[in-house]
Amino acid sequence: MKKLGSELRDRISFRTKEEESDTNHGQEIDAMTATAARPSRLWRGKPVRRMHVMVKPMGSLCNLDCSYCYYLSKKELLGMAEQWRISDEVLETFIRQYFEGQNHKEVVFSWQGGEPTLLGLDFFKKVVELEKKYCPPHVRCENDLQTNGTNLDDAWYDFLHEANFLVGLSIDGPKHLHDAYRKDKSGQGSFDRVFQTAKLLIKHKVNFTTLSCVNRLTAKHPLEVYRFLRDKVGSKRMQFIPISEPIGFRHVAPQRWDMRLMPMFGSPNARPGTAESFVEEWSVDPDDWGNFLCRTFDEWYRKDLGHIYVNYFEASVETWMGHISPLCTQSPMCGKGLALERDGSVYACDHYVYPEYLIGNIIEKPLEEMAYSEYQERFGKAKEGLLPEYCRRCEYQFTCFGECPKNRFIKTPDGEPGLNYLCSGWKKFFSHIDPSIQKIVRNLGQSVVKEARTFSAEHWSPEKQK
């Protein structure tokens, strides 16, 4: 246990690239949170500045037609049907400004979509050339690429290995589960191509992580999904993402819902598949989500602790030690994980790519000005600031903080709006893992500190540091 604990400690203390590359249904890491539990510090004589941007170089264009995709509808919503790829001007402007807006030893670029590999290999070779052109001395430049895994060939694998890209591979489980919702434009399942890609990534020694969307179907098969990823795919890094969207999400932005229609916690309307459900039919059931996490955690804890990285499990170790979560969804503040569309438009968050949350355009305004703006600060602080009283009384606020605001579309038992749709599942999970996580923390030689810590003002803008 001591040896495993040491390996675990080494990993959870490092800001992993895959936490930044959650894409098609991911929660992007808030680049600031990784250092928020530590005192304000300098790098090369200046305050540390970090941001993270999820780049959509082809917007929502994709060769698959996944039922639950939250991004396919952006083509009509944003009105950019004619401009299907990022221009050379926008690409170079972004890469230059992304370096200029940060002061840290590592800068991480995240490429997603849609399906970014449709741009072709030459596009990403150009990306690497531009990164070399603008990367400051003493800075390590990293790239991650989220893909559905259907377009790669040997030339791609060679490039990804040589350029040291981290690949996020979208795969939901074995064939009968994966193909239920992840079909191509002709209605054919994508599993066979994706599974073959996983094997070839390993063969070509490409660093990769699996991203699995937990939906209404897959949530009922937790061990089948986990063991498949571990034993058949060979995944050493797993991310599980809960799929939950209110009906109308393609056109109605988060926090713009009609509060009169919000269902009450525990009501039939707050579950998928009912006649008057508030959510899409493929959304994960809140209780099934909790059970999925509990069952997979038990398997991980018994057999894979220290060997396999699972985003929520190892982040929980951090929060039980009194640190702020490295996951933006479970941090008290978000807002440093922005999204860049192909025309240079910048949005407050990857899940807030709606006209209401447009901040500006990098051709007209510097990226760092938008990332560290008062507008974006208010957006980030609202995550904790708008928590309902029901959450503030919860014993697990310290590790949850209401999860992602985009999921806060039900009412508390007291009738207060703004409760997370997945609340019952999260509570079940946190209660279940509590004794085991405490044991892990103590085996690491640390004290258990279950305290809801928040950020001080200087954690938003480096200029506020004293």
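You'll find the structure just up there.
Structural notes, computed from the coordinates. (Residues numbered from 1 in each chain as written. Predicted model: local features only at pLDDT ≥ 70, side-chain atom pairs only at ≥ 80, totals over all residues. Heavy atoms only, no water.)

### Brief notes about unusual backbone geometry
For step 1, the next point in the chain: Across the junction of G113 and G114, the peptide omega takes the value 15°, indicating a cis bond.
For step 2, the next point in the chain: In this structure, G114 sits in the loop between strand 4 (106-111) and helix 4 (121-134).
For step 3, the next point in the chain: One non-glycine residue with positive phi stands out, namely K205, at about 60°.
For step 4, the next point in the chain: With respect to the helices and strands, K205 occurs in the loop between helix 7 (191-203) and strand 7 (208-214). (Helix = DSSP H or I, 4+ residues; strand = E, 2+ residues; numbered from the N terminus.)

### Observations regarding the environment of K406
For step 1, the next point in the chain: Here K406 lies in the loop between helix 14 (397-400) and strand 13 (410-411).
For step 2, the next point in the chain: The class for K406 is buried, based on a relative accessible area of 8%.
For step 3, the next point in the chain: When sequence neighbours within four positions are dropped, the list of residues in contact with K406 reads S244, E245, P254, W257, H351 and Y352. (Buried < 20%, exposed > 50% of the residue type's maximum accessible area, 1.4 Å probe, protein only. Contact = heavy atoms within 4.5 Å.)

### What to know about the packing of helix 8 (residues 222-233) against helix 9 (residues 286-304)
For step 1, the next point in the chain: The contact between helix 8 and helix 9 brings their axes to 8 Å, and the two run at 45°. With respect to each other, helix 8 and helix 9 are oriented oblique. Regarding helix 8 and helix 9, the two cross each other, and that crossing is right-handed. For the pair formed by helix 8 and helix 9, the contact residues are P222, L223, V225, Y226, R227 and R230 on the first element and N291, F292, R295, T296, E299, W300, K303 and D304 on the second.
For step 2, the next point in the chain: Residue classes in the contact of helix 8 with helix 9 are distributed as six nonpolar, two polar and six charged. (Axes fitted to C-alpha atoms, helices over the stretch in contact; angles between N-to-C directions. Parallel < 35°, antiparallel > 145°, perpendicular 65-115°, else oblique. Left-handed = near helix turned anticlockwise from the far one by under 90°. Nonpolar A, V, L, I, M, F, W, Y, C, P; charged D, E, K, R; others polar.)

### Section: the nonpolar core
For step 1, the next point in the chain: Counting 128 residues, the largest nonpolar core has F94, W111, F240 and W289 as the members making the most contacts within it.
For step 2, the next point in the chain: Of the residues forming this core, the biggest block, eight residues, is contributed by helix 15 (residues 423-443).
For step 3, the next point in the chain: Discounting chain neighbours no more than four positions away, the residues touching W289 are V214, F240, I241, P242, V284, Y312, L422 and W426. (Core = buried A, V, L, I, M, F, W, Y, C linked by side-chain atoms within 4.5 Å.)

### With respect to the packing of aromatic side chains
For step 1, the next point in the chain: Under the criterion given, the structure shown has 46 aromatic pairs.
For step 2, the next point in the chain: Plain terms: the ring middles of W289 and F292 are 6.3 Å apart, the flat faces sit at 10° to each other, and that makes the pair stacked. Note that W289 and F292 are positioned in helix 9 at a spacing of three residues, about one turn of the helix. Summarising the burial analysis for this pair, W289 and F292 share the class buried.
For step 3, the next point in the chain: Seen from their ring centres, F429 and F430 are 5.5 Å apart, and the 45° between their planes marks the pair as tilted.
For step 4, the next point in the chain: The exposure class of F429 is buried, given its relative accessible area of 1%.
For step 5, the next point in the chain: In this structure, K56 is placed above the aromatic ring of Y71, and the distance from its NZ or CZ to the ring centre is 4.0 Å.
For step 6, the next point in the chain: Sitting over the ring of Y354, K74 keeps its end group 3.7 Å from the ring centre. (Phe/Tyr/Trp six-rings, centres within 6.5 Å; stacked < 30°, edge-to-face > 60°. Lys NZ or Arg CZ within 6 Å of the ring centre and 35° of its normal.)

### Considering the pattern of salt bridges
A side chain with one charge may pair with a side chain of the opposite charge, provided their charged atoms come close.
For step 1, the next point in the chain: Scanning the model with the defined rule gives 29 salt bridges in all.
For step 2, the next point in the chain: Residues K303 and E299 are paired through a salt bridge, measuring 3.6 Å at the closest nitrogen-oxygen approach. You can see K303 and its partner E299 sitting in helix 9, four residues apart, about one turn around the helix.
For step 3, the next point in the chain: Given a relative accessible area of 0%, E299 falls into the buried group.
For step 4, the next point in the chain: Across the pair K450 and D434 runs a salt bridge whose closest N-O atoms are separated by 2.8 Å. Taken together, the residues span a long stretch of sequence, with K450 in the segment after helix 15 and D434 in helix 15 at a distance of 16 residues.
For step 5, the next point in the chain: Given a relative accessible area of 7%, D434 falls into the buried group.
For step 6, the next point in the chain: Ionic contacts of the salt-bridge type, sharing partners, join the residues R227, R230, D231, E299, R302, K303 and D304 into one network. (Salt bridge = Lys/Arg side-chain N within 4 Å of Asp/Glu carboxyl O.)

### Considerations on the pairing of strand 7
Regular strands place their side chains on alternate faces of the sheet.
For step 1, the next point in the chain: Burial runs high along strand 7: seven of the seven residues are buried.
For step 2, the next point in the chain: Alternating positions in strand 7 separate into two faces, F208, T210, S212 and V214 on one and T209, L211 and C213 on the other, with burial throughout.
For step 3, the next point in the chain: As for the winding sense of the linkage, the β-α-β connection from strand 7 through helix 8 to strand 8 (residues 237-242) is right-handed. (Right-handed = clockwise from strand over helix to strand, strands pointing away.)

### Topic: the sheet that holds strand 8
For step 1, the next point in the chain: Read across the sheet, ten strands follow the order 9-8-7-6-5-4-3-10-11-12 without closing on themselves; strand pairing throughout is mixed. Here the strands that pair on one side only, and so sit at the sheet edges, are strand 9 (309-310) and strand 12 (358-361).
For step 2, the next point in the chain: Direction of pairing for strand 7 relative to strand 8: parallel, over a ladder of five bridges. Within the sheet, the bridge partner assigned to S212 lies in strand 8 and is F240.
For step 3, the next point in the chain: In this fold helix 8 packs onto strand 7, strand 8 and strand 9, with an angle of close to 150° to the strand it touches most, strand 8. (Pairing = 2+ DSSP bridges.)

### Points about the environment of A198
For step 1, the next point in the chain: Along the chain, A198 falls in helix 7.
For step 2, the next point in the chain: The exposure class assigned to A198 is buried, which follows from its relative accessible area of 0%.
For step 3, the next point in the chain: Ignoring any residue separated from it by four or fewer positions in sequence, one finds A198 in contact with L169, F208 and V233.

### So, a negative patch on the surface
For step 1, the next point in the chain: A cluster of like negative charges, contributed by D153, D154, D158 and E162, occupies part of the molecular surface.
For step 2, the next point in the chain: Among the secondary structure elements, E162 is positioned in helix 5 (residues 154-162). (Patch = residues over 30% accessible without salt bridge, like charges linked within 9 Å, V, L, I, M, F, W, Y side chains within 5 Å. Areas by Shrake-Rupley, 256 points an atom, 1.4 Å probe, with all protein chains shown as cover. Lys, Arg positive; Asp, Glu negative; His and termini not counted. Charge placed at Lys NZ, Arg CZ, Asp CG, Glu CD.)

Purely geometric stuff here, so don't read any function into it on its own.
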